[in-house]
Amino acid sequence: MKINCIIIEDEPLALKRAKGFIETLPFLNLVAAFNSSIEALSFLTKNHVDLLFLDINMDRLSGIQLLENINFQGKVIITTAYDKYALKGYELNVSDYLLKPYTFERFVKAVNKVHAQLEEKETSKQSNFLFIKTENRLEKVDLEDIIYIEGMRDYRRVHTSNTKIMSLQTFTEFERLISPSVLVRVHKSYMVAIHKIESIEKNRIRINDLLIPISNSYRASFFEQIDKI
């Protein structure tokens, strides 16, 4: 599979190095490169890419702030000269963390990880079920049985037609495993099954007599999925 990617990097030598590494790997397609996170933010609000190579220390808007201000569904590889952001990167679920100056071998290891993750996601889209981690087991659930997923502090509660399953899997994991055409994020605390929606009333979704809010952060991506139906 081809991975469309962009570079966000304000150091000219680091940018040149990253471009050279990307051009060496045939499954990477460099769509654009930015030395300003503000320009990248504008691009990402209008265009889809699979992977960001993201520097942290940038003028005006840092790489971390960029991630916190967009609803980016692709993969992120952080590139930085500082290891102090590793924990924050983990919290933001980045795929890998490259410390400058990184070698081509280390770069390949990072992109191979992303390649595997994206292939897994593509495979999952073709399945009509998934395995949910709950307690000490994996429980098989048919996608058509899921009504919605609710965030409850450290847990996610998966509401199905027959039962409710508590899981420590994150919303990000569920988004990676399930196509948004099947189960779409509508709020920081909710994902809903599109085919189970009974009605949409302003900023609320009605499912089984329950009203689920649509937050501003997910409104555009939600209605984009609705328009595809």
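First, a word on what this report is: a plain description of the structure on this page. The structure presented is a predicted model; accordingly, all values stated were derived computationally and were not measured.

1. Some details on the packing of aromatic side chains
Then, number 1: Per the counting criterion, the structure on display carries 10 aromatic pairs.
Then, number 2: Residues Tyr 148 and Tyr 190 carry aromatic rings whose centres are separated by 6.3 Å and whose planes lie at 45° to one another, so their mutual orientation is tilted. Separated by 42 residues along the polypeptide, Tyr 148 in strand β8 (residues 146–152) and Tyr 190 in strand β12 (residues 190–193) bring together distant segments of the chain. For the pair shown, Tyr 148 and Tyr 190 are each scored as buried.
Then, number 3: Within the aromatic cluster, the residues linked to one another by ring pairs are Phe 21, Phe 53, Tyr 102, Phe 104 and Phe 107.
Then, number 4: The cationic tip of Lys 140 hangs over the ring face of Phe 129; the distance from NZ or CZ to the ring centre is 4.4 Å.

2. Side note on the sheet that holds strand β13 (residues 199–201)
Then, number 1: Reading across from one edge, β13-β14-β15 is the order of the 3 strands in this open sheet, with antiparallel pairing throughout. In this open sheet, the two edge strands, each paired with only one partner strand, are β13 and β15 (210–213). Neighbouring strand axes in the sheet, compared pairwise and without regard to direction, differ in orientation by 30° on average.
Then, number 2: Bridge count between strand β14 (residues 204–207) and β15: 4 bridges; the pairing is antiparallel. Bridging from a neighbouring strand, Ile 207 pairs with Leu 210 of β15.

Calculation criteria
Residues numbered from 1 in each chain as written. Predicted model: local features only at pLDDT ≥ 70, side-chain atom pairs only at ≥ 80, totals over all residues. Heavy atoms only, no water. Phe/Tyr/Trp six-rings, centres within 6.5 Å; stacked < 30°, edge-to-face > 60°. Helix = DSSP H or I, 4+ residues; strand = E, 2+ residues; numbered from the N terminus. Buried < 20%, exposed > 50% of the residue type's maximum accessible area, 1.4 Å probe, protein only. Lys NZ or Arg CZ within 6 Å of the ring centre and 35° of its normal. Pairing = 2+ DSSP bridges. Axes fitted to C-alpha atoms, helices over the stretch in contact; angles between N-to-C directions.

Keep in mind these numbers describe shape, not what the thing actually does.
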